[in-house]
Amino acid sequence: MRFVTFCSYFLNSPIYKRSPDLTKNPMTKSEQLLRIDDHDFTMRPAFGGPPIPVGVDVQVESIDTISEVDMDFTMTLYLRHYWKDERLSFPSNNNQSMTFDSRLVKKIWVPDMFFVHSKRSFIHDTTTDNVMLRVYPDGNVLYSLRVTVTAMCNMDLSRFPLDTQTCSLEIESYAYTDDDLMLYWKKGNESLNTDDRISLSQFLIQKFHTTTKLAFYSSTGWYNRLYIHFTLRRHIFFFLLQTYFPATLMVMLSWVSFWIDRRAVPARVPLGITTVLTMSTIITGVNASMPRVSYIKAVDIYLWVSFVFVFLSVIEYAAVNYLSTVQERKERKLRERLPCTCGIGNPDEMMIDPQISGYGSLDVNNTGNYGIPENGGRQERILAQVALNDPQITGQVKGSRGYVNIWIDTHAIDKYSRVLFPGAYILFNIIYWSIYS
């Protein structure tokens, strides 16, 4: 009987009713435990006193896209804030912290961070808002959210596609100046963590690092600003296959015309036009995927120099064809001035006979230096030699030596082009890759 009376007294006593840890009591509401209704959370912690320090760290989950056309990048990250708000302190002996979702965030004070120079940003909300709030008994708060942001990145494309770009994501308080809020990286450079699996199709991520600066606005004052810098180096192999290698092949293809007979107009002209049009297509395709910048890019230099080489190969054939036409006209005029050779029986004997030709030892195989190296040109060489041996018309054909030199020049253009064009292009490539690589 006494035992039953003792148990009844103990169960009804205030000592038993008081829980040693209110956070373990399912009847205790979180808002009552954190005394949310007792404070004005529209005001920052320690309002009127020194600025409240807010530490930040970032976990970069992915870099989704980098656009040269729009001059921006898209990044998904976990943004975490750390500060102390004594208004949220609560008694607890066993439980170290309490964790809440986005429903409580709307009822307390949180830093008003925003991304400077951002174009678009959003907090992920699948399946619920990706927001976490963790409150410790001493009032320390951890506020974490998962964000995707598209921010501006001013790129210098003068060395494209052999360029290295540095982009920055900037974080700042929108309302609180440095008199009210001191924003800082919680652990310096160690505050920035990245996923080892981050990779980009066109870029190699060289390094991430953080900095802190003050930003001034003439209307509102000074603000703490945090920077996330990441350096990207572009992969060149894609552009070697899609741009540089095809352009080089087109230039080499244009050199084939130097080995084609100058009289084969249907072969040389379409070849030159085809290479010119192909180079124009390559240049147009590259520029279509690039912003319309006002300066010259490295790829523009390579493509336009290659285009000039292809164009000059067409001009080279035009020069050869023009000089050939000019000398054919002079050939006809020379034949009109020469005496009739209808009585010549054996042109070969006349070329060898010094009494007729005027040349003591003339090799038939060397006569090409004095005439036309095509079929049917032997008779014209004979006529030219006979005319030179006749003193009556020496004055009329005194310029025949110059006429012969024109034949040599027309063939020398193709001959020299076979060496000069490849040599000049190789020299250009050596200079180009030594400057930009």
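Since this is a predicted model, take the numbers as computed values, not measurements. (Residues numbered from 1 in each chain as written. Predicted model: local features only at pLDDT ≥ 70, side-chain atom pairs only at ≥ 80, totals over all residues. Heavy atoms only, no water.)

### So, the pattern of salt bridges
In total, this model carries 15 salt bridges according to the counting rule given. Between Arg 225 and Glu 170 there is a salt bridge whose closest N-O contact spans 3.0 Å. Taken together, the positions of Arg 225 in strand S12 (residues 221-234) and Glu 170 in strand S8 (residues 164-173) put the pair 55 residues apart, joining distant regions of the chain. Residue classification places Arg 225 among the buried residues on the basis of a relative accessible area of 10%. By relative accessible area, which is 11% here, Glu 170 ends up buried. Close ionic contact of Lys 297 with Asp 300 constitutes a salt bridge, the shortest N to O distance being 3.0 Å. This pair shows no difference in class: Lys 297 is buried, exactly as Asp 300 is. Residues participating in the shared-partner salt-bridge network are Glu 68, Asp 163 and Arg 234. (Salt bridge = Lys/Arg side-chain N within 4 Å of Asp/Glu carboxyl O. Helix = DSSP H or I, 4+ residues; strand = E, 2+ residues; numbered from the N terminus. Buried < 20%, exposed > 50% of the residue type's maximum accessible area, 1.4 Å probe, protein only.)

### Comments concerning the nonpolar core
With 81 residues, the main nonpolar core has Leu 34, Val 58, Phe 73, Leu 133 and Leu 169 as its most contacted residues. Looking at which domains feed residues into this core, each of domain 1 (29-234) and domain 2 (238-331 + 426-436) supplies at least three. Setting aside chain neighbours within four positions, we find Leu 169 in contact with Phe 73, Met 75, Leu 77, Phe 115, Val 149, Ala 151, Leu 226, Tyr 227 and Ile 228. (Core = buried A, V, L, I, M, F, W, Y, C linked by side-chain atoms within 4.5 Å. Domains from an automatic or database assignment. Contact = heavy atoms within 4.5 Å.)

### A few points about the sheet that holds S8
In spatial order, the strands read S4-S8-S12-S11; together these 4 strands make up an open sheet with antiparallel pairing. With one partner strand each, in any of the chains shown, strand S4 (113-116) and strand S11 (203-217) form the two edges of the open sheet. On average, adjacent strands in this sheet sit at an angle of 25° to one another, irrespective of strand direction. Where S11 meets S12, 14 bridges bridge the pair, whose relative direction is antiparallel. Residue pairing across strands places Thr 210 opposite Ile 228, the latter belonging to S12. (Pairing = 2+ DSSP bridges. Axes fitted to C-alpha atoms, helices over the stretch in contact; angles between N-to-C directions.)

### Thoughts on the state of the cysteines
Applying the stated criterion across every chain yields a total of 1 disulfide. In this model Cys 153 forms its disulfide with Cys 167; the gap between the sulfur atoms is 2.0 Å. Its S-S torsion of about -80° marks the bond between Cys 153 and Cys 167 as left-handed, since a negative value means left-handed. A residue pair is termed long-range when its members are at least 10 positions apart, and Cys 153 in the loop between strand S7 (140-152) and S8 and Cys 167 in strand S8 qualify at 14 residues. (Disulfide = S-S within 2.5 Å.)

### Here we look at a positive patch on the surface
Taken together, the side chains of Arg 329, Lys 330, Arg 332, Lys 333 and Arg 337 define a basic patch exposed on the protein surface. With respect to the helices and strands, Arg 332 occurs in helix H7 (residues 298-337). (Patch = residues over 30% accessible without salt bridge, like charges linked within 9 Å, V, L, I, M, F, W, Y side chains within 5 Å. Areas by Shrake-Rupley, 256 points an atom, 1.4 Å probe, with all protein chains shown as cover. Lys, Arg positive; Asp, Glu negative; His and termini not counted. Charge placed at Lys NZ, Arg CZ, Asp CG, Glu CD.)

### Things to note about the packing of helix H6 (residues 265-288) against H7
Running from amino to carboxyl end, H6 crosses H7 at an angle of 165°, the nearest separation of the two axes being 10 Å. Between H6 and H7, the angle falls in the class roughly antiparallel. The handedness of the crossing between H6 and H7 comes out as left-handed. Where H6 approaches H7, its residues Val 265, Arg 268, Val 269, Gly 272, Thr 275, Val 276, Met 279, Ser 280, Ile 282, Ile 283, Val 286 and Asn 287 are matched on the opposing element by Val 299, Asp 300, Leu 303, Trp 304, Ser 306, Phe 307, Val 310, Phe 311, Val 314, Glu 316, Tyr 317 and Asn 321. Tallied by class, residues from the contact of H6 with H7 come to 15 nonpolar, 6 polar and 3 charged. (Parallel < 35°, antiparallel > 145°, perpendicular 65-115°, else oblique. Left-handed = near helix turned anticlockwise from the far one by under 90°. Nonpolar A, V, L, I, M, F, W, Y, C, P; charged D, E, K, R; others polar.)

### Digging into the UniProt feature "transmembrane region" (unreviewed entry) in the chain
Feature annotation in UniProt assigns "transmembrane region" (unreviewed entry) to the following positions: residues 236-259, 271-289, 301-323 and 419-436. Across residues 236-259, the secondary structure splits into 75% helix and 0% strand, with the terminal C-alpha atoms separated by 34 Å. For the annotated span residues 419-436, helix accounts for 100% and strand for 0% of the residues, and the straight-line distance between the end C-alpha atoms is 26 Å. (UniProt positions renumbered as here; feature names shortened; annotations may be inferred.)

### Comments concerning the pairing of strand S9 (residues 181-185)
Note on strand geometry: in a regular strand, side chains alternate between the two faces of the sheet. Residues Leu 181, Leu 183 and Trp 185 of S9 are buried on one face, while the alternating residues Met 182 and Tyr 184, pointing to the opposite face, are not. Here strand S1 (residues 52-67) pairs with S9 via 5 bridges, running parallel. The residue of S9 that forms the bridge with Val 54 is Leu 183.

### Quick notes on H6
The first and last C-alpha atoms of H6 sit 34 Å apart over 24 residues, in line with the 34 Å expected at 1.5 Å per residue. Of all the residues in H6, the buried ones are Arg 268, Leu 271, Gly 272, Thr 275, Val 276, Met 279, Ile 282, Ile 283 and Val 286. (Expected span 1.5 Å × (residues − 1).)

### Examining the packing of helix H5 (residues 237-254) against H7
Running from N to C, H5 and H7 cross one another at 15°; their axes reach a closest spacing of 9 Å. Here H5 is positioned roughly parallel relative to H7, judged by the angle of their axes. Of the two possible hands of crossing, H5 and H7 adopt the one that is left-handed. Residues Thr 243, Tyr 244, Ala 247, Thr 248, Met 250, Val 251 and Ser 254 of H5 pack against Ala 298, Val 299, Tyr 302, Leu 303, Ser 306, Phe 309, Val 310 and Ser 313 of H7. Of the residues assigned to the contact of H5 with H7, the class counts are 10 nonpolar, 5 polar and no charged.

### Brief notes about the packing of aromatic side chains
Taken as a whole and assessed by the stated rule, the structure comprises 26 aromatic pairs. Their ring planes at 70° and their centres at 5.9 Å tell us that Trp 109 and Tyr 176 sit as a pair that is edge-to-face. With a gap of 67 residues between them, Trp 109 in the loop between helix H4 (102-105) and S4 and Tyr 176 in the loop between S8 and S9 connect regions that are remote in the sequence. The class of Trp 109 is buried, set by a relative accessible area of 4%. A relative accessible area of 18% places Tyr 176 in the buried class. (Phe/Tyr/Trp six-rings, centres within 6.5 Å; stacked < 30°, edge-to-face > 60°.)

### Description of the side chain of Thr 148
Checked against the element boundaries, Thr 148 lands in strand S7. A relative accessible area of 8% means that Thr 148 is categorised as buried. At 2.6 Å, the side chain of Thr 148 and the side chain of His 124 are in polar contact. (Polar contact = N/O pair within 3.5 Å; in protein donor to acceptor, adjacent residues only side chain to side chain.)

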